[in-house]
Amino acid sequence: QVQLVESGGGLVQAGGSLRLSCLASGRTFSSSAMGWFRQSPGKEREFVAAISGRGAVMSYSDSVKGRFSISRDNAKNTVFLQMNSLKPEDTAVYYCAARSGIIRQLQVDYVYWGQGTQVTVSS
């Protein structure tokens, strides 16, 4: 069983930055691919970024590429999402997710999910 707890959300002005963290429990963290997803009101949850177990492979959605950066610290069982140049359309609840094996962009491929952290970007 893996438990995920996100933190770092908040209110920021457009153009600002936030860094989200996701702390994972369990001994299999370094072998788990980690993903970030987000969901805005009235919209389906969408893929944001993912990183492989050792951190060598990353994937981003086109909407955040060049602005967001995903990283991980396996010694601390933590994955990060650095969000720069934030836009109002980035406003959403951001979720951390984990799966065994290689990274995926589909939420159905992820087994474990956190409760989410709210990010609000004002214009």
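Please refer to the structure higher up on the page.
Rules and cut-offs
Residues numbered from 1 in each chain as written. Predicted model: local features only at pLDDT ≥ 70, side-chain atom pairs only at ≥ 80, totals over all residues. Heavy atoms only, no water. Helix = DSSP H or I, 4+ residues; strand = E, 2+ residues; numbered from the N terminus. Buried < 20%, exposed > 50% of the residue type's maximum accessible area, 1.4 Å probe, protein only. Lys, Arg positive; Asp, Glu negative; His and termini not counted. Salt bridge = Lys/Arg side-chain N within 4 Å of Asp/Glu carboxyl O. Polar contact = N/O pair within 3.5 Å; in protein donor to acceptor, adjacent residues only side chain to side chain. Pairing = 2+ DSSP bridges. Core = buried A, V, L, I, M, F, W, Y, C linked by side-chain atoms within 4.5 Å. Phe/Tyr/Trp six-rings, centres within 6.5 Å; stacked < 30°, edge-to-face > 60°. Lys NZ or Arg CZ within 6 Å of the ring centre and 35° of its normal. Axes fitted to C-alpha atoms, helices over the stretch in contact; angles between N-to-C directions.

I keep staring at the side chain of Arg72 and nothing clicks. Help me out?
Mapped onto the elements, Arg72 comes out in strand β7 (residues 68-73). One buried charged side chain, Arg72, makes no salt bridge at all; its nearest oppositely charged neighbour is Asp73, positioned 8.3 Å away. For Arg72, the side chain forms a polar contact with the main-chain oxygen of Phe29, separated by 2.7 Å. In terms of polar contacts, Arg72 uses its side chain to reach the backbone carbonyl oxygen of Ser52, at 2.7 Å.

Hey, could you run me through the pattern of salt bridges in this one?
Enumeration according to the criterion identifies four salt bridges in this entry. Its salt-bridge partner being Arg38, residue Asp90 comes within 2.9 Å of it at the nearest N-O pair. Separated by 52 residues along the polypeptide, Asp90 in the loop between β8 (78-83) and β9 (92-100) and Arg38 in strand β4 (residues 32-39) bring together distant segments of the chain. Across the pair, Arg38 and Asp90 agree in class, each one buried. Each of Arg38, Glu46, Arg67 and Asp90 takes part in a single network of salt bridges with overlapping partners.

Any chance you could explain the pairing of β8 here in plain terms?
The side chains of a regular strand alternate, residue by residue, between the two faces of the sheet. Extensive coverage of β8 is indicated by the burial of five of its six residues. Pairing between strand β3 (residues 18-24) and β8: six bridges, direction antiparallel. Looking at β8, one finds that Leu23 is bridged to Thr78. Note that β7 and β8 share six bridges and pair antiparallel. By the bridge assignment for β8, Ser71 is matched with Phe80. Once β7 ends, the chain turns through four residues before running back antiparallel as β8, passing Asn77 with a positive phi of about 50 degrees.

Sorry, what's going on with the nonpolar core here?
A general tendency of soluble globular proteins is for nonpolar side chains to be buried together. Core analysis: the largest hydrophobic core is formed by 27 residues, its most contacted members being Met34, Trp36, Leu81, Met83 and Tyr94. Of all hydrophobic cores here, the second largest spans seven residues; its members include Ala33, Phe37, Ala97 and Ile103.

In this structure, what is going on with the packing of aromatic side chains? I would like to understand it.
For any two aromatic rings, the description comes down to two numbers: the centre-to-centre distance and the angle of the planes. The tally for this structure, following the rule as stated, stands at four aromatic pairs. Judged by centre distance (5.0 Å) and plane angle (55 degrees), the rings of Phe37 and Trp113 are tilted. You can see Phe37 sitting in strand β4 and its partner Trp113 sitting in strand β10 (residues 112-113), a full 76 residues away along the chain. A ring pair is formed by Tyr110 and Trp113, whose centres lie 6.3 Å apart and whose planes are at 65 degrees; its orientation type is edge-to-face. Residue classification places Trp113 among the partly exposed positions, given a relative accessible area of 23%. An aromatic cluster is defined as three or more aromatic residues linked by ring pairs; in this entry it consists of Phe37, Phe47, Tyr110 and Trp113. For the cation-ring pair, Arg19 lies above Phe80, with the distance from its terminal atom to the ring centre recorded as 3.9 Å.

Teacher, can you tell me more about the sheet that holds β8 here?
Judged by pairing direction, the sheet is antiparallel, and its four strands sit side by side in the order β1-β3-β8-β7 without closing on themselves. Edge strands, defined here as strands with exactly one partner in the open sheet, are β1 (4-7) and β7. This sheet shows a mean twist of 15 degrees between the axes of neighbouring strands, independent of strand direction.

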